[in-house]
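One-letter residues, chain by chain:
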Amino acid sequence: MDLFCAPRIFVGLGSNLQGPWGPPAATLQEALRRLADFGVVLVDCSTIVSTTPYGRTDQPVFANAVAAVETHLPPSALLKRLHMIEALAGRRRAERWGPRALDLDLLCYETVVTRGISRQEWRSGRRHPLVLPHPELHLRPFVLEPIREIAPFWHHPVLGLTAAQLSQRLPGSREGRVLGRA
């Protein structure tokens, strides 16, 4: 891939439980293979890395990666397909930030920027909309480091900073830190 032509759609991959496709790193590799079955072309993928848990730290380490993809699907349809792949891998949405066989996050879709919902809307029970770019992308080392690897010239569509610049701004927390190759 041309380093000066940054990919435009990123999908984050994560796993820390054995699933029907095997251990976490094997699960990520199978998820990448399954993208084509759902109308998504894999352009590039970062190295699969081991990372400390994020959010809830009392669980096994994660295998994480970021894939650059292309698709003609709109963002909401792409997210539905990602959820279908998660289900095939045994994902059960039991708790936020809990252990999982597979997690696929739509991190960034070209230059699409959508807003979140207000606290009042959230409390009223309104369904949580797709927010792009992912609202925590800039806070997660396990996402930023893989993006740096495959798209060093990419800029966050809202913050205007590269993944390297965003990484430098992270607090010294141990959550979500890259430990090495998976």
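Provided above is the structure to which this section pertains.
Residues numbered from 1 in each chain as written. Predicted model: local features only at pLDDT ≥ 70, side-chain atom pairs only at ≥ 80, totals over all residues. Heavy atoms only, no water.

Student: Lay out the overall build of the protein in plain terms, naming residues and giving numbers.
Tutor: When its secondary structure is counted, the protein shows 5 helices and 6 strands. In the protein, which comprises 182 residues, the proportion classed as buried is 48%. Total accessible area on the protein is roughly 9700 Å²; 53% of this is exposed by carbon and sulfur atoms. (Helix = DSSP H or I, 4+ residues; strand = E, 2+ residues; numbered from the N terminus. Buried < 20%, exposed > 50% of the residue type's maximum accessible area, 1.4 Å probe, protein only. Areas by Shrake-Rupley, 256 points an atom, 1.4 Å probe, with all protein chains shown as cover.)

Student: Summarise the packing of aromatic side chains; cite the residues concerned and give the values.
Tutor: The tally for this structure, following the rule as stated, stands at 2 aromatic pairs. Measuring from centroid to centroid gives 5.5 Å for F10 and W154, while their planes differ by 85°, and the two rings are edge-to-face. On the criterion of sequence distance, the pair formed by F10 in strand β1 (residues 9-15) and W154 in the loop between α4 (141-150) and α5 (163-168) is long-range, its members being 144 residues apart. Ring geometry for Y54 against F142: centres 5.6 Å apart, planes inclined by 65°, an arrangement best described as edge-to-face. In this pair, Y54 sits in the loop between β3 (49-51) and β4 (62-70) while F142 sits in helix α4, placing the two residues 88 residues apart along the sequence. Taken as a pair, Y54 and F142 share a single burial class, namely buried. (Phe/Tyr/Trp six-rings, centres within 6.5 Å; stacked < 30°, edge-to-face > 60°.)

Student: Break down the environment of H83 for me, with residues and values.
Tutor: Mapped onto the secondary structure, H83 falls in helix α2 (residues 75-88). You can call H83 partly exposed: its relative accessible area is 33%. Taking the C-alpha atoms as reference points, H83 and D105, 22 residues apart in sequence, are found 8.9 Å from one another.

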